[in-house]
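Next come the chains, spelled out residue by residue.
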Amino acid sequence: MRYSSTHKTETRQRILTMASLRFRAEGVANVGIANLMADLGLTHGGFYAHFHSKDDLVAQSCRQALLDMNEIWQAQLEQAPNGAGLKRLAKDYLSAAHRDFPDSGCAAAALAGELARHDKATRQAFSEGLQALLHTLRQAQQCDTAAGARPALAPEACLALMVGALLLSRAISDETLSDRLLKSAAAALALQARG
């Protein structure tokens, strides 16, 4: 059977997309390559035509997930009212919908704790994705500042607050406290965006 010239690229992207969803939903350690490939209707041996190892897949899927998140942030930033860029990003990120669906959400909140124990290449890919998010947070703050806001927190502190609040909101069983964590962090970021 002959495949199209884009077949390999498309297959690789399918693997990346599924792995990214499964890693965020189940955790890296709980996703096996054989099951992942079977879910896609592919063979376990075929995996190695696209990735060197599971660590390579983890690194590439984390980078891709964070870059995808950054594209969402860029689109949200373009639609945000003048002076409300950071507030817009925080509101969507710190929502119950984002909390409740980690498989399609931010890889930083879903995987940071687990990735801290991974190899240097994986942590480097994760770092590159976070740098893109930080760049967009800087852009949001620059736009907000141009509109008269005075950001009080560095982009790194904003990202840490957002990821930390989302991570904690997912980890606890008390739904009321979980909601308060999200709302408090969003309010703190909205307040600092106004200056």
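Here is what the cut-offs are and how they apply
- Residues numbered from 1 in each chain as written.
- Predicted model: local features only at pLDDT ≥ 70, side-chain atom pairs only at ≥ 80, totals over all residues.
- Heavy atoms only, no water.
- Helix = DSSP H or I, 4+ residues; strand = E, 2+ residues; numbered from the N terminus.
- Buried < 20%, exposed > 50% of the residue type's maximum accessible area, 1.4 Å probe, protein only.
- Contact = heavy atoms within 4.5 Å.
- Lys, Arg positive; Asp, Glu negative; His and termini not counted.
- Charge placed at Lys NZ, Arg CZ, Asp CG, Glu CD.
- Axes fitted to C-alpha atoms, helices over the stretch in contact; angles between N-to-C directions.
- Parallel < 35°, antiparallel > 145°, perpendicular 65-115°, else oblique.
- Left-handed = near helix turned anticlockwise from the far one by under 90°.
- Nonpolar A, V, L, I, M, F, W, Y, C, P; charged D, E, K, R; others polar.
- Phe/Tyr/Trp six-rings, centres within 6.5 Å; stacked < 30°, edge-to-face > 60°.
- UniProt positions renumbered as here; feature names shortened; annotations may be inferred.
- Salt bridge = Lys/Arg side-chain N within 4 Å of Asp/Glu carboxyl O.
- Core = buried A, V, L, I, M, F, W, Y, C linked by side-chain atoms within 4.5 Å.
- Polar contact = N/O pair within 3.5 Å; in protein donor to acceptor, adjacent residues only side chain to side chain.

Draft legend 1. The arrangement of the overall build of the protein chain in detail. Counting secondary structure elements, the protein chain contains 9 helices and 0 strands. Ordered by position from N to C terminus, the α and β elements of the protein chain give α-α-α-α-α-α-α-α-α. Principal-axis analysis of the C-alpha atoms places the extent of the protein chain at approximately 60 × 40 × 30 Å. Here the protein chain, with 195 residues, has 40% of them falling under the buried criterion. Once local pairs closer than 6 in sequence are excluded, the contacts in the protein chain between residues at least 24 apart make up 71%. Across the protein chain, the centroid of the 21 positively charged side chains sits 3 Å from that of the 19 negatively charged ones.

Draft legend 2. Layout of the packing of helix H3 (residues 54-79) against helix H6 (residues 107-115). Interaxial distance between H3 and H6 falls to 10 Å at its minimum, and their mutual angle equals 150 degrees. It follows that H3 is roughly antiparallel to H6 by the angle criterion. The handedness of the crossing between H3 and H6 is left-handed. The segment H3 lies against H6, with Val58, Cys62, Ala65 and Leu66 engaging Ala107, Ala108, Leu111 and Leu115. Residue composition of the contact of H3 with H6, by class: 8 nonpolar, no polar and no charged.

Draft legend 3. The packing of aromatic side chains, seen in detail. With the rule as written, the count across this model stands at 3 aromatic pairs. With centroids separated by 4.9 Å and ring planes inclined at 90 degrees, the aromatic side chains of phenylalanine 47 and tyrosine 48 adopt a geometry described as edge-to-face. Judged by centre distance (5.9 Å) and plane angle (70 degrees), the ring pair of tryptophan 73 and tyrosine 93 falls under edge-to-face. Here tryptophan 73, found in helix H3, pairs with tyrosine 93, found in helix H4 (residues 85-93); they are 20 residues apart in sequence, far enough to count as distant. Judged by its relative accessible area of 0%, tryptophan 73 falls in the buried class. The exposure class assigned to tyrosine 93 is buried, which follows from its relative accessible area of 1%. Put simply, the rings of Phe47, Tyr48 and Phe51 touch in pairs and so form one group of aromatic residues.

Draft legend 4. Structural view of the UniProt feature "domain: HTH tetR-type" (unreviewed entry) in the protein chain. UniProt tags residues 9-69 as "domain: HTH tetR-type" (unreviewed entry). Overall, residues 9-69 shows 67% helix and 0% strand. The separation of its end C-alpha atoms is 21 Å.

Draft legend 5. View of the UniProt feature "DNA-binding region" (unreviewed entry) in the protein chain. UniProt's feature table lists "DNA-binding region" (unreviewed entry) at residues 32-51, given in the numbering used throughout. In residues 32-51, the share of helix is 35% and the share of strand is 0%. The end C-alpha atoms are 14 Å apart.

Draft legend 6. Region of interest: the pattern of salt bridges. Here the structure, examined in full by the defined rule, presents 7 salt bridges. The closest approach of N and O atoms between aspartate 39 and arginine 22, which form a salt bridge, is 2.6 Å. Here aspartate 39, found in helix H2 (residues 33-39), pairs with arginine 22, found in helix H1 (residues 7-26); they are 17 residues apart in sequence, far enough to count as distant. Among the salt bridges present, the one from aspartate 100 reaches arginine 99, with a minimum N-O distance of 2.7 Å. When its relative accessible area of 44% is taken as the criterion, aspartate 100 is described as partly exposed. A relative accessible area of 10% places arginine 99 in the buried class. A network of salt bridges, in which partner residues are shared, links Arg22, Glu26 and Asp39.

Draft legend 7. View of the nonpolar core. Core analysis: the largest hydrophobic core is formed by 46 residues, its most contacted members being Phe23, Leu57, Trp73, Tyr93, Leu94 and Leu137. The set of elements that each furnish at least two residues to this core consists of H1, H2, H3, H4, H6, helix H7 (120-146), helix H8 (155-171) and helix H9 (175-194). Leaving out residues up to four positions away in the same chain, leucine 57 has contacts with Ile15, Leu16, Ala19, Phe23, Ile33, Leu36, Phe47 and Phe51.

Draft legend 8. Up close: the side chain of threonine 122. With respect to the helices and strands, the residue threonine 122 is situated in helix H7. A distance of 3.5 Å separates a polar atom in the side chain of threonine 122 from the backbone oxygen of aspartate 55. Apart from the residues within four sequence positions on either side, threonine 122 is in contact with Asp55, Val58, Ala59 and Leu115.

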